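Residue-level structural notes
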Amino acid sequence: MLNYIFKEDPQAKIIMEVKTMVLATEIREGMALRIEGTIFKVIEAKVHAGSGQMQGFVSARLLNLSTGHYTERRFRTDEKVEDIELIRKPMEYIYNDGDLYYFMDPQTYEQVGVPKESLGNFAKFLKEGMKVDVEFLGDQPISVRTPKTVDLKVILTGSGVKEAQDNTMKSATLENGMEILVPQFIKEGEIIRVDVETMKYLERVVQKKG
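These figures come from a predicted structure and were not determined experimentally.

This structure, assessed with the given rule, holds three aromatic pairs. The rings of Tyr93, Tyr101 and Phe103 are connected pair by pair, giving a single aromatic cluster. A cation sits over an aromatic face here: Arg74 above Phe57, 4.0 Å from the ring centre.

So, on to the pattern of salt bridges. Scanning the model with the defined rule gives 15 salt bridges in all. Across the pair Arg61 and Glu197 runs a salt bridge, and its minimum N-O distance is 1.9 Å. Placement of the pair is Arg61 in strand β5 (residues 57-64) and Glu197 in the loop between β16 (191-195) and β17 (201-205), with a sequence separation of 136 residues. One salt bridge connects Arg204 with Glu190, and the closest N-O pair in it is separated by 3.1 Å. Here Glu190 lies in the loop between β15 (179-183) and β16 and Arg204 lies in strand β17, a separation of 14 residues in the sequence. Since its relative accessible area comes to 17%, Glu190 is described here as buried. Each member of the salt-bridge network shares a partner with another, and the members are Lys41, Arg88 and Glu135.

As a further point, take the side chain of Glu92. Of note, Glu92 is situated in strand β8 (residues 87-97). Judged by relative accessible area, which is 19%, Glu92 ranks as buried. If sequence neighbours within four positions are ignored, Glu92 has contacts with Tyr102, Phe103, Met104, Pro106, Gly129, Met130 and Lys131.

A few words now on the nonpolar core. Most often, soluble globular proteins keep nonpolar side chains buried together rather than apart. Within the largest apolar cluster, 29 residues are counted, with the highest numbers of intra-cluster contacts made by Phe103, Phe122, Leu126, Val134 and Ile192. Of all the secondary-structure elements, those providing two or more residues to this core are β8, β9 (100-104), β10 (111-115), β11 (131-137), β13 (149-157), β14 (169-174), β15 and β16. Excluding residues that lie within four positions of it along the chain, Ile192 makes contacts with Val150, Asp151, Leu152, Val154, Leu174, Ile180, Val182, Ile186, Tyr201, Glu203, Arg204 and Val205. The next biggest cluster of nonpolar side chains, apart from the first, holds 13 residues, and it includes Val22, Ala24, Leu33 and Val42.

Each strand in a sheet pairs with another by means of backbone hydrogen bonds, the pair being arranged parallel or else antiparallel. Spatially, five strands are ordered β15-β14-β13-β16-β17 in an open sheet, and the strand pairing comes out antiparallel. Each edge of the sheet is formed by a strand with only one pairing partner; in this case those strands are β15 and β17. For this sheet the average axis-to-axis angle between neighbouring strands, irrespective of direction, equals 50°.

Let's shift gears to the environment of Leu23. Tracing the backbone shows Leu23 in strand β2 (residues 14-23). Owing to a relative accessible area of 31%, Leu23 belongs among the partly exposed residues under this scheme. Through-space distance from the C-alpha of Leu23 to that of Val81 is 6.5 Å; in sequence the pair is 58 residues apart. Not counting chain neighbours up to four residues away, the residues in contact with Leu23 comprise Thr77, Asp78, Glu79 and Lys80.

Conventions we followed
Residues numbered from 1 in each chain as written. Predicted model: local features only at pLDDT ≥ 70, side-chain atom pairs only at ≥ 80, totals over all residues. Heavy atoms only, no water. Phe/Tyr/Trp six-rings, centres within 6.5 Å; stacked < 30°, edge-to-face > 60°. Lys NZ or Arg CZ within 6 Å of the ring centre and 35° of its normal. Salt bridge = Lys/Arg side-chain N within 4 Å of Asp/Glu carboxyl O. Helix = DSSP H or I, 4+ residues; strand = E, 2+ residues; numbered from the N terminus. Buried < 20%, exposed > 50% of the residue type's maximum accessible area, 1.4 Å probe, protein only. Contact = heavy atoms within 4.5 Å. Core = buried A, V, L, I, M, F, W, Y, C linked by side-chain atoms within 4.5 Å. Pairing = 2+ DSSP bridges. Axes fitted to C-alpha atoms, helices over the stretch in contact; angles between N-to-C directions.

Shape descriptors only; they carry no functional weight alone.
Now the structure itself:
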């Protein structure tokens, strides 16, 4: 649903601002919402049906693009929120300079800087040459399309303890420099899948033999 808000500038020219409002039940993963002036990325959204006297609601896990913090929020099923239209552009990560992470358009070689806060935990997973979709609000790059998982190579870990139980973990250093806990059977050189949000080991990736 489109709501039209008319504003008048100092030169008495009429400017039309278009806002797209959606019901909470229409909130989906990957959407960008403006709530109380702050833009959030939807990490996960789930509709909970009501029962008896309890009304239904929508629970959402959101990433604050200004602070990089994750938050949980509930919405009434009939509540409306502002949906922000983002334009996605395929780009390659090249380097970071403090709080800005730079991506390049492989076709035009145009470079843009995305604030570290808007990347959330994904900033720790970026490596040179990684292809991602950079999200723009107008001409301004504000975020990237973040995958749920990333596959990374283990470059350093212990040999493991044979007598250890299956749920016993050991430390491992990954190719991006991040250290996480992995099962005892993981060896150096293997590829593992890591959850971006929790930054925890999920599974070993079986490499196809060429």
